[in-house]
Amino acid sequence: MDRIYNKIFIMVFLLTLAVPFVFAHREEGRVSDMENRMLAGVPRLKDEAGEWNMGYPGDFDSWINDNIRFRGILVKLNSSLQYRLFGRVMKESMREGKEGHLYYVDEAKVREYQRLNLLSEEELDRYTEAMEGLKNYLEARGISFYYMQCYEKDAVYPEYFVDGINQFGEISRARQIVSALEQDAGIAVAPVYEELLSHKGEELLYFKVSDPAHWNEYGAHLGYEALMRTVQKDYPALRYMTEEDYHITRFTDKTSLYGFTYPYPEDSLRFEIKNPRAVEMDLDGFDPEGIIRYREYGHYFVNEACENDWKILVLGDSYIRQFLKEHIAEGFRETLSIDIINLPELDKILEIYDPDIVALESSENGLNQSIPLVGEIAYIQK
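The structure displayed is predicted, hence computed values, not measured ones. (Residues numbered from 1 in each chain as written. Predicted model: local features only at pLDDT ≥ 70, side-chain atom pairs only at ≥ 80, totals over all residues. Heavy atoms only, no water.)

Draft legend 1. Region of interest: the nonpolar core. Of all hydrophobic cores here, the largest spans 91 residues; its most connected members are Met131, Trp215, Leu313 and Leu336. If one sorts the elements of this core by residue count, helix H9 (residues 217-232) sits on top with eight residues. Residue contacts for Trp215: discarding those within four places in its chain leaves Met148, Cys150, Val192, Leu196, Leu205, Tyr206, Phe207, Ala220, Gly223, Tyr319, Phe323 and Leu324. Within the second largest apolar cluster, six residues are counted, among which are Val89, Met94, Leu102 and Leu257. (Core = buried A, V, L, I, M, F, W, Y, C linked by side-chain atoms within 4.5 Å. Buried < 20%, exposed > 50% of the residue type's maximum accessible area, 1.4 Å probe, protein only. Helix = DSSP H or I, 4+ residues; strand = E, 2+ residues; numbered from the N terminus. Contact = heavy atoms within 4.5 Å.)

Put into structure tokens, the structure is as follows:
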């Protein structure tokens with residue numbers, strides 16, 4: 001009798017192992033809307049060259065995990081239970097702060113928040129000298145240069161940040177850099193931080209839950225005004241948009257985390273330009289040789305109705321391209337907004353565009369990329 005029970009147990013065990021494999025999805029190109037990613041495809045024993053796939057065990061594990069039947073229901077159930085039972089947000093590198101605010105807390109962002117990544121005196125001097133060299137190089141070509149430092153949500157709202165993570169010192173890396181650029185390099189820096197803090201008590205300036213990595217449209221508008229007012233000091237005829245130039249509405253929505261509806265709603269302002277005049281043109285027609293990299297992040301605008309003939313080049317990251325490129329374009333005859341990764345190709349870009357103004361923007365987290373990129377153009381000092 002024991003042998004029969006053992007055989008039944010083994011059969012049940014094997015069936016348990018086999019069922020997920022037999023009923024797993026095998027369609028290629030499946031996407032998880034909840035996780036915003038492509039799911040793993042069916043693994044192959046041999047690659048296209050006919051060689052044995054030595055990574056097959058790992059590929060099989062990824063495929064079966066991603067394609068088991070009813071996975072979406074299980075992911076949603078797990079996300080809901082984890083939050084309701086343990087207060088845990090089941091999204092990579094995301095944690096819940098106070099009053100329902102969500103924050104990204106990967107290692108780089110935590111070091112930024114804790115002020116543990118300050119530049120040494122030597123590193124700061126080297127970066128400042130390179131930026132001053134860039135300013136002098138542009139000025140020699142008759143081009144004005146401006147710097148725009150953007151800030152992460154935790155820099156403006158540390159009071160809502162995740163418990164158990166403490167700050168050290170009085171100054172962040174971004175504030176350290178801004179101070180050096182203004183005082184030692186004589187670079188015009190848009191007062192974004194001061195503008196945000198001065199309006200902090202009016203409305204939320206960053207997304208509470210839907211996009212913890214960015215400012216919201218009101219915060220972006222304040223950053224836009226800070227940049228344009230800084231440029232206007234040298235170009236008094238420059239017109240920039242104020243709140244009267246927008247349809248301003250209130251945006252209220254809820255966020256889904258792996259199928260679980262987060263209990264705190266998003267509530268912020270939305271800014272829509274009333275009478276947009278700038279028209280986005282085909283970047284391929286502007287740059288047929290493909291000099292500009294990350295072309296999906298490149299945008300070229302022409303504003304025939306503009307009162308001036310000035311051209312601006314903006315090198316930046318998502319704080320510009322997701323929120324401000326169209327707004328900046330309303331103030332200039334031509335606007336070229338490209339990813340900061342193009343900085344080492346600045347010479348070539350200046351040849352095809354010949355701007356009057358160059359604005360360099362970086363977020364706090366983006367400094368990990370922009371600092372070494374500035375180092376790559378140190379030759380400009382020569």
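That covers the picture; the talk isn't over yet.
Draft legend 2. Spatial organisation of the sheet that holds strand E5 (residues 144-149). An order of E6-E5-E15-E13-E14-E12-E11 is seen for the seven strands of this open sheet, with the pairing classed as mixed. At either margin of the open sheet sits one strand with a lone partner, and together these are strand E6 (188-189) and strand E11 (279-281). Along the sheet, H9 makes contact with E5, E6 and strand E15 (357-362), crossing E5 at roughly 155°. (Pairing = 2+ DSSP bridges. Axes fitted to C-alpha atoms, helices over the stretch in contact; angles between N-to-C directions.)

Draft legend 3. Structural view of the packing of aromatic side chains. Under the defined criterion, the tally for this structure stands at 16 aromatic pairs. Judged by centre distance (5.2 Å) and plane angle (75°), the rings of Tyr246 and Phe271 are edge-to-face. In this pair, Tyr246 is assigned in strand E7 (residues 246-253) and Phe271 in strand E10 (residues 266-273), connecting sequence segments 25 residues apart. Ring plane angle 90° and centroid distance 6.4 Å describe the contact between Tyr300 and Tyr353, whose orientation is recorded as edge-to-face. You can see Tyr300 sitting in strand E12 (residues 299-302) and its partner Tyr353 sitting in helix H13 (residues 346-353), a full 53 residues away along the chain. We classify Tyr353 as buried; its relative accessible area is 1%. Three or more aromatic residues joined by ring pairs form one cluster here, namely Tyr103, Tyr113 and Phe161. Taking the ring centre of Tyr103 as reference, the NZ or CZ of Lys153 above it sits at 4.6 Å. Sitting over the face of the ring of Tyr297, Arg321 holds its NZ or CZ atom 3.7 Å from the ring centroid. (Phe/Tyr/Trp six-rings, centres within 6.5 Å; stacked < 30°, edge-to-face > 60°. Lys NZ or Arg CZ within 6 Å of the ring centre and 35° of its normal.)

Draft legend 4. Expanded view of the environment of Ile165. If you trace the backbone, Ile165 turns up in the loop between helix H6 (153-156) and helix H7 (173-183). Non-local contacts of Ile165, meaning those with residues more than four positions away in its chain, are made with Val110, Tyr113 and Gln114.

Draft legend 5. Quick look at helix H14 (residues 367-376). Turning to H14, its buried residues number three or more, namely Leu367, Ser370, Ile371, Leu373 and Val374. One side of H14 holds all its buried residues, which, seen down the axis, span an arc of 165°. Among the structural elements, helix H5 (121-140), E5, H7 and E15 are those in contact with the buried residues of H14. (Arc of directions from axis to C-beta.)

Draft legend 6. The arrangement of the side chain of Lys109 in detail. Tracing the chain through its elements places Lys109 in helix H4 (residues 107-114). With a relative accessible area of 13%, Lys109 lands in the buried category. Those residues in contact with Lys109 that sit more than four places away from it in its chain are Tyr104, Glu152 and Asn365.

Draft legend 7. Region of the structure containing the packing of H5 against H13. Look at H5 against H13: their axes get within 13 Å of each other, and the N-to-C directions meet at 25°. When the interaxial angle is binned, H5 and H13 end up roughly parallel. Here H5 and H13 pass one another in a crossing that is right-handed. From H5, Leu134, Tyr137 and Leu138 reach across to H13, where they touch Leu346, Asp347 and Leu350. Classifying every residue of the contact of H5 with H13 gives five nonpolar, no polar and one charged. (Parallel < 35°, antiparallel > 145°, perpendicular 65-115°, else oblique. Left-handed = near helix turned anticlockwise from the far one by under 90°. Nonpolar A, V, L, I, M, F, W, Y, C, P; charged D, E, K, R; others polar.)

Taken by themselves, the reported measurements are silent on function.
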